[in-house]
Protein chains: 4
Amino acid sequence: MIKEPIFDIAHLAHIEIYSPKLEESVAFFRDMLGMEVASRKGKSVYMRAYEDHYHNTLIITEHDEVGLGHMSFRSRTPQALERRVEAIEKMGYGIGWIDGDIGHGRAYQFRSPDGHKMEIFWDVDYYEATDDQKTNLLNRPQKRPGRGVPVRRLDHINLLAKETNKNVEFLEEALGFNVRERILDDDNKDVAAWLSVSNLAHDVAIMGDALEEEGRLHHICYWYGYPQNLSDVSDLLIDNGYEIEVSPIKHGVSQASCMYVFEPGGNRVELFGDSGYLIFDPDWKTVEWKGEDTERAILWHGSSLPEEFFKYGTPIKSKEAVK
Amino acid sequence: MIKEPIFDIAHLAHIEIYSPKLEESVAFFRDMLGMEVASRKGKSVYMRAYEDHYHNTLIITEHDEVGLGHMSFRSRTPQALERRVEAIEKMGYGIGWIDGDIGHGRAYQFRSPDGHKMEIFWDVDYYEATDDQKTNLLNRPQKRPGRGVPVRRLDHINLLAKETNKNVEFLEEALGFNVRERILDDDNKDVAAWLSVSNLAHDVAIMGDALEEEGRLHHICYWYGYPQNLSDVSDLLIDNGYEIEVSPIKHGVSQASCMYVFEPGGNRVELFGDSGYLIFDPDWKTVEWKGEDTERAILWHGSSLPEEFFKYGTPIKSKEAVK
Amino acid sequence: MIKEPIFDIAHLAHIEIYSPKLEESVAFFRDMLGMEVASRKGKSVYMRAYEDHYHNTLIITEHDEVGLGHMSFRSRTPQALERRVEAIEKMGYGIGWIDGDIGHGRAYQFRSPDGHKMEIFWDVDYYEATDDQKTNLLNRPQKRPGRGVPVRRLDHINLLAKETNKNVEFLEEALGFNVRERILDDDNKDVAAWLSVSNLAHDVAIMGDALEEEGRLHHICYWYGYPQNLSDVSDLLIDNGYEIEVSPIKHGVSQASCMYVFEPGGNRVELFGDSGYLIFDPDWKTVEWKGEDTERAILWHGSSLPEEFFKYGTPIKSKEAVK
Amino acid sequence: MIKEPIFDIAHLAHIEIYSPKLEESVAFFRDMLGMEVASRKGKSVYMRAYEDHYHNTLIITEHDEVGLGHMSFRSRTPQALERRVEAIEKMGYGIGWIDGDIGHGRAYQFRSPDGHKMEIFWDVDYYEATDDQKTNLLNRPQKRPGRGVPVRRLDHINLLAKETNKNVEFLEEALGFNVRERILDDDNKDVAAWLSVSNLAHDVAIMGDALEEEGRLHHICYWYGYPQNLSDVSDLLIDNGYEIEVSPIKHGVSQASCMYVFEPGGNRVELFGDSGYLIFDPDWKTVEWKGEDTERAILWHGSSLPEEFFKYGTPIKSKEAVK
């Protein structure tokens, strides 16, 4: 007899990032990554990729400090939402209900142990294509944009945390996440962990913050599904003066063909060039990388990562420590 | 309030096909698709792809008639297995328990309304790499083979059925499958349906049998994840005299970059070149293709499919009707 | 002792096509294929791809009849130009000198035996990037456009001819072309021939006109170099209502990964997804495809081509014969 | 009036490398890169890739010191061979005629100013496929091998030189090479130069030897034409314990998608994933990279190269200086 798994969270639904350069950030996602502006309200711009089915998956909010606004999960049913709220409240991490936002209905907000603002909701608004945006490819919500090298959908988020284990356990217990892979230090404590509720190797990753800060964001990730598109968009990004931190590589963890670039506000954005490997085994044994294997976890194909990759997060702290 | 979904089936675990030319069929999967022979017993050869984690995902059994032996699902928990058995028995499709087979423990066997033999199990044996097959890529169960153009894992199965709707409903009700896409005729009856319990657009497809036969197989599918590998393996297959039925195309349904080839026994094998699109929305509205859209469902990129694609299944019936 | 080869023609430099729908044709090349408008004069628009180094490689001229305006070769030296003019004049195909056009200096015009208008020149104008178009990739004349799925450079032209052999011989004798591959009929007459002065398998192809017309165009071809971009642009073309005649396939001849689409004026445009194979052997023996091999010459990977592919050319003749 | 170019060298025809571990080196090229053993004689093994048309393109000779044996060009005609011999002799770099070797007839041997042994020949033996190796793809000399991730053809060679300029000038004057790109130091002296007689951006490269040694080899290069194959072969190489020096990157110079690996003898081998850009302009202006642009010349996409890349050559000198 095995404990029944928690199937209450369906997936990562949207992310809000802060940017001190709102219009430049919007231009990056719109013109380079081909994303669509879905709506604007106050200091926020709501965007989506062309294969995102919901009204929006990215909110960019003008803010003097760069970083994560909040991240949002969709539950699998209305009652699953209630169950998760109850669990979170019991654990003492709850903030409370909000009436909703552009694109979704009432949502329950809470914080990770590290302080990252999160939320869960059920009611959602779908993107409705205008007639000139309807495509004959009926499983795709709109036409492929002819702008930039367009990403297809939101993939995952990677958070920095002062205490990795505590945050990993919270995601497991409060939300039903499964730890798919982890990097362990010599004391068998998590250096980093990759978790999912889906068949992806990760919907959320938690990595130890080298600066021992709390609540920071390492990166958000959008998905192409084709490695060639990483090369295509690299040319576009370089030619337009954006800073690519890591050119196309292949991680060991998740087997992702990917790259990293900074959006103008300063947040790190990952682009995924394939689907990595998918996990179907319901009894998956967490893959554990330790000692000298760790190098292969980070780079399966790739020469080296800049030091900054392991330190820089948003909000940007003690800049000197980074460079 | 929404009815709680059934999360009891985790995925398609393995498929048994019949072949009148056992060794030639094994050679095809081993030398062209780079699969490994895991075990042999009696008239059966057990094989797996290099990213399949279980002991085997394909069983080829010598048989005078080509076609499907059986297909097998893994449940999400031991208790989920019991729940599904109870549901199937109630519906009157059960056969009974077997003690297990090479690679898995006790399993419950049953038939689809159309007669396809199916089974569910929980206890499974994992592939254990010998030392010379261990890879530093710890989430991969073994080294990449240096033989053929190796497929990575089992993807899905596509069944022909005399009555599509009846079989689709069985998969929904007995096993908790979700209908992700369907092609409908003018009377809104299913011509074909694509169903999954995972984030894939389909783990199982059911298509109407144009010959009105029962219990036939349209194809099994293994996965590459990279469209280029379809071109690579095409050269190898042509040069070695195998019959490619459909060269690389892109379906509308599932957005799959794929191709079709006949293994020497006569079963159709699909090869998947990307991951298509993935479904994360827990409230996914079935995509419905009708009328003139149907052509795009079948071919999003691609010139035409041979007539045979819509008629040929295994076992091969009334050969004249096919050619 | 081998006869010294003629090295006087360097490459295909530009093509003029006629279109009855000038602005729609321009929009196709600009917005779908990411090409740049270099200049406009009278009823002509001069365009180039972002890796074309010259001022222009495509001229679209408004004309009531669709088809080839002219095609233009660049000589290897000024004196090579004079030598070719002398040879052409001797053979009786010359028209005469023109002072030049936008993008190049004085040019000698002539006709193929079939009547296709051709020209050779030496003096050329290079594209000069404005400051905002300069790229740090110094071997590329400008930034990668963020519009459509941009083609990289002009590749080749394919002409229909009433008498294939006569036109092939003209290209060999007057211009020094080498026949790289040919399809022969049962009488060993050319059905089609692929010729080059470069390492490409063809700069020019000549195919027998099934309608026995003279001077028609089968297609012009622009180059991506990456098969994935054929899939990318297919989505864009379908979504924007363009007619793809042949979705991505692989020819045997030249080993090209390619596709065919009609620009709005009616001319067929090929897009090249890789570089095919290159020819370095200075003593290359023409590859000859005959009898049942011919099918593989046309389709190495690919199911079938529409009948139209073998009949339709521009100008469009006896439309009934085509459809 | 422009000086008539020299068209006497057609291409790089083969390379001999020395290896102290003959059988291990052969196994690398055969089992990882899918090359064929064409012949063995004495301490030498003659190999070719499956799209190489000649009898062999790589000779591996057992030798206690690793490095370049010799490299060989094919002339465009028999008389072109005589012309080049005369020119080389005049410049004082000649060694003399040999009767030929396995795969080619009489050849003239000489040394570059730096001492690299070179040769030119005209008479060549073609690979003749045995019946079981014949393919229906008639422009390909044999079937695609089902072993490793097979390279398609020899691409180029990169030599280290004590005095770059002197060697570059020799290739220009004696052999008719064109300098396509160069990296210049602050005194406008060549740090490195890429030269070709073909449409490739380089058939031969010369780079300054950081250790100021003479006559060393930086790398030889075989060609895939598809970036995906670099990822495929990387997995195979890592899993089989080979040392990848540089995982897939994209150079600015030549726009090559490529990677570097050491064969067991110690020679560096580059694998080319696309065709880079091709040069058709007969009056190509050498692309010059200087100052801070130099970084982009070396890495257009890619994070960094190991220090070793700029120092290590074969024969290996003063190992300490490298590591």
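Residues numbered from 1 in each chain as written. Chains lettered and ligands numbered in written order. Predicted model: local features only at pLDDT ≥ 70, side-chain atom pairs only at ≥ 80, totals over all residues. Heavy atoms only, no water.

> Now, about the overall build of chain A: what can you tell me, with residues and values included?
Across its full length, chain A carries 6 helices and 17 strands. With respect to the principal axes defined by its C-alpha atoms, chain A has extents near 55 × 50 × 40 Å. The proportion of buried residues among the 323 residues of chain A is 65%. Taking contacts inside chain A between residues at least 6 apart in sequence as the whole, the part at least 24 apart equals 66%. Put simply, chain A shows about 11,000 Å² of open surface, and 44% of that area lies on carbon and sulfur atoms. Within chain A, the 56 negative side-chain charges are centred at a point lying 3 Å from the centre of the 37 positive side-chain charges. (Helix = DSSP H or I, 4+ residues; strand = E, 2+ residues; numbered from the N terminus. Buried < 20%, exposed > 50% of the residue type's maximum accessible area, 1.4 Å probe, protein only. Contact = heavy atoms within 4.5 Å. Areas by Shrake-Rupley, 256 points an atom, 1.4 Å probe, with all protein chains shown as cover. Lys, Arg positive; Asp, Glu negative; His and termini not counted. Charge placed at Lys NZ, Arg CZ, Asp CG, Glu CD.)

> Describe the interface of chain C and chain B, and please don't skip the residues or the numbers.
Residue-level contacts link 18 residues of chain C with 18 residues of chain B. Taking both partners together, chain C and chain B bury about 1,300 Å²; carbon and sulfur atoms supply 51% of that area. Linking chain C to chain B there are 0 salt bridges. On inspection of chain C and its partner chain B, the count reaches 7 residue pairs in polar contact (both at pLDDT 80 or more). Residue assignment for the side of chain C that touches chain B shows that the elements contributing at least two residues are α4 (227-239) and β14 (243-250) of chain C. Among the elements that take part in the side of chain C that touches chain B, α4 of chain C stands out by supplying 7 residues, more than any other. Classifying every residue of the side of chain C that touches chain B by side-chain character gives 5 nonpolar, 8 polar and 5 charged. (Buried area = accessible area lost by both parts, 1.4 Å probe. Salt bridge = Lys/Arg side-chain N within 4 Å of Asp/Glu carboxyl O. Polar contact = N/O pair within 3.5 Å; in protein donor to acceptor, adjacent residues only side chain to side chain. Nonpolar A, V, L, I, M, F, W, Y, C, P; charged D, E, K, R; others polar.)

> Report on the sheet that holds strand β2 (residues 36-41) of chain C, specifying residues and quantitative values.
All names here are of chain C. The strand order β2-β3-β4-β1-β5-β8-β7-β6 describes an open sheet built from 8 strands, whose pairing is mixed. The sheet is open, and its two borders are formed by β2 and β6 (94-98), each paired with just one other strand. Taking each pair of neighbouring strands and ignoring which way they run, the sheet shows an average axis angle of 25 degrees. Pairing geometry for strand β5 (residues 67-75) and strand β8 (residues 117-121), over 4 bridges, is parallel. Among the inter-strand pairings, S72 is bridged to a residue of β8, identified as E119. Along the sheet, helix α1 (residues 22-32) contacts β1 (9-19), β2, β3 (44-48) and β4 (58-62); its crossing angle with β4, the most-contacted strand, is approximately 160 degrees. (Pairing = 2+ DSSP bridges. Axes fitted to C-alpha atoms, helices over the stretch in contact; angles between N-to-C directions.)

> I'd like a rundown of the packing of helix α4 (residues 227-239) of chain B against helix α4 (residues 227-239) of chain D, residues and numbers included.
Following both chains from N to C, one finds α4 of chain B and α4 of chain D inclined at 85 degrees, their axes separated by 9 Å at the closest point. Of the possible angle classes, the one that applies to α4 of chain B and α4 of chain D is roughly perpendicular. Between α4 of chain B, through Q228, N229 and D232 of chain B, and α4 of chain D, the contact on the second element is made entirely by Q228, N229 and D232 of chain D. Partitioning the contact of α4 of chain B with α4 of chain D into residue classes produces no nonpolar, 4 polar and 2 charged. (Parallel < 35°, antiparallel > 145°, perpendicular 65-115°, else oblique.)

> Report on the pattern of salt bridges, specifying residues and quantitative values.
All names here are of chain B. On inspection of all chains with the given rule, the structure shows 85 salt bridges over all chains. Of the charged contacts in the structure, one is a salt bridge between K285 and D283, with a shortest N-O distance of 3.1 Å. Classification of K285 as exposed rests on a relative accessible area of 51%. For D283, a relative accessible area of 26% translates into the label partly exposed.

> Help me get a handle on the sheet that holds strand β2 (residues 36-41) of chain B, residues and values and all.
All names here are of chain B. On the basis of which strands lie adjacent, the open sheet formed by 8 strands has the order β2-β3-β4-β1-β5-β8-β7-β6 and mixed pairing. Looking at which strands have only one partner, the edges of the open sheet turn out to be β2 and β6 (94-98). Within this sheet the neighbouring strands show an average axis-to-axis angle of 25 degrees, counted without direction. Lying on the sheet, helix α1 (residues 22-32) is in contact with β1 (9-19), β2, β3 (44-48) and β4 (58-62); it crosses β4 at an angle near 160 degrees.

> For the interface of chain C and chain D, give the residues involved together with the corresponding values.
Each partner contributes residues to the interface: chain C has 58 residues there, and chain D has 58 residues. Summed over both sides, the interface of chain C with chain D buries roughly 4,700 Å², with 59% coming from carbon and sulfur. Considering only the surface of chain C that becomes buried against chain D, L138, N139 and F280 of chain C emerge as the three largest contributors, covering 14% of it. Summed over the shared surface of chain C and chain D, the number is 4 salt bridges. Secondary-structure elements contributing two or more residues to the side of chain C that touches chain D are β1, β5, α2 (78-91) and β17 (287-290) of chain C.

> Can you lay out the pairing of strand β12 (residues 204-208) of chain A for me, pointing to particular residues and giving the numbers?
Residue and element names in this part refer to chain A. Burial within β12 is extensive, with 4 of its 5 residues counted as buried. For strand β9 (residues 153-161) and β12, the ladder comprises 5 bridges, and the chain directions are parallel. The partner of I157 across the bridge, within β12, is V204. Pairing geometry for strand β11 (residues 190-196) and β12, over 4 bridges, is antiparallel. Counterpart to W194 in the pairing with β12 is A205.

> Run through the relation of the copies chain C and chain B, naming residues and quoting values.
One copy of the chain maps onto the other through a rotation about an axis plus a displacement along that axis. With an RMSD of 0.0 Å, the fit of chain C onto chain B corresponds to turning through 180 degrees and sliding 0.0 Å along the axis. Read as a symmetry element, the transformation amounts to a two-fold axis. Of all interface residues in chain C, 100% are interface residues in chain B too; the two copies therefore contact each other through one and the same surface. (Least-squares fit on C-alpha atoms with pLDDT ≥ 70 in both.)

> Explain the packing of aromatic side chains to me, using residue names and the numbers behind them.
One pass over the structure, following the stated rule, counts 46 aromatic pairs over all chains. Between the aromatic rings of F110 of chain B and F170 of chain B, the centroid separation amounts to 6.0 Å while the plane-to-plane angle is 50 degrees, which identifies the pairing as tilted. A residue pair is termed long-range when its members are at least 10 positions apart, and F110 of chain B in strand β7 (residues 107-111) and F170 of chain B in helix α3 (residues 164-175) qualify at 60 residues. Each member of the pair, F110 of chain B as well as F170 of chain B, is classed as buried. A network of ring pairs unites the aromatic residues F28, F29 and Y242 of chain A as a single cluster. A cation over a ring is seen here: R153 of chain C above W223 of chain C, with NZ or CZ 4.2 Å from the ring centre. When the ring centre of W122 of chain D is taken as reference, the NZ or CZ atom of R74 of chain D above it lies at 4.3 Å. (Phe/Tyr/Trp six-rings, centres within 6.5 Å; stacked < 30°, edge-to-face > 60°. Lys NZ or Arg CZ within 6 Å of the ring centre and 35° of its normal.)

> Mind laying out the pairing of strand β17 (residues 287-290) of chain A, listing which residues take part and the relevant values?
Residues and elements named next belong to chain A. Going residue by residue along β17, you find V287 and W289 tucked away on one face and E288 and K290 left uncovered on the opposite face. Note: strand β10 (residues 178-184) against β17, 4 bridges, orientation parallel. Bridge pairing in β17 links R182 to E288.

> Outline unusual backbone geometry, supporting the account with residue identities and numerical values.
Residue and element names in this part refer to chain B. With an omega dihedral of 0 degrees, the bond running from T314 to P315 counts as a cis peptide bond. For P315, the location among the structural elements is in the loop between α5 (294-298) and α6 (319-322). Despite not being glycine, E212 has its phi angle at roughly 55 degrees, a positive value. If you trace the backbone, E212 turns up in the loop between β12 (204-208) and β13 (217-223). For E212, a relative accessible area of 56% gives the class exposed. Here S254, not a glycine, exhibits a phi torsion of approximately 70 degrees, which is positive. On the secondary structure map, S254 appears in the loop between β14 (243-250) and β15 (257-262).

> Can you lay out the side chain of H301 of chain C for me, pointing to particular residues and giving the numbers?
Assignment of secondary structure puts H301 of chain C in the loop between α5 (294-298) and α6 (319-322). With a relative accessible area of 4%, H301 of chain C lands in the buried category. At 3.3 Å, the side chain of H301 of chain C and the side chain of W300 of chain C are in polar contact. Contacts of H301 of chain C, omitting those with residues within four sequence positions, involve S231, S234, D235, I238, S247 and P248 of chain B together with I249 and K250 of chain C.

Note that all results are geometric; they support no functional claim without further evidence.
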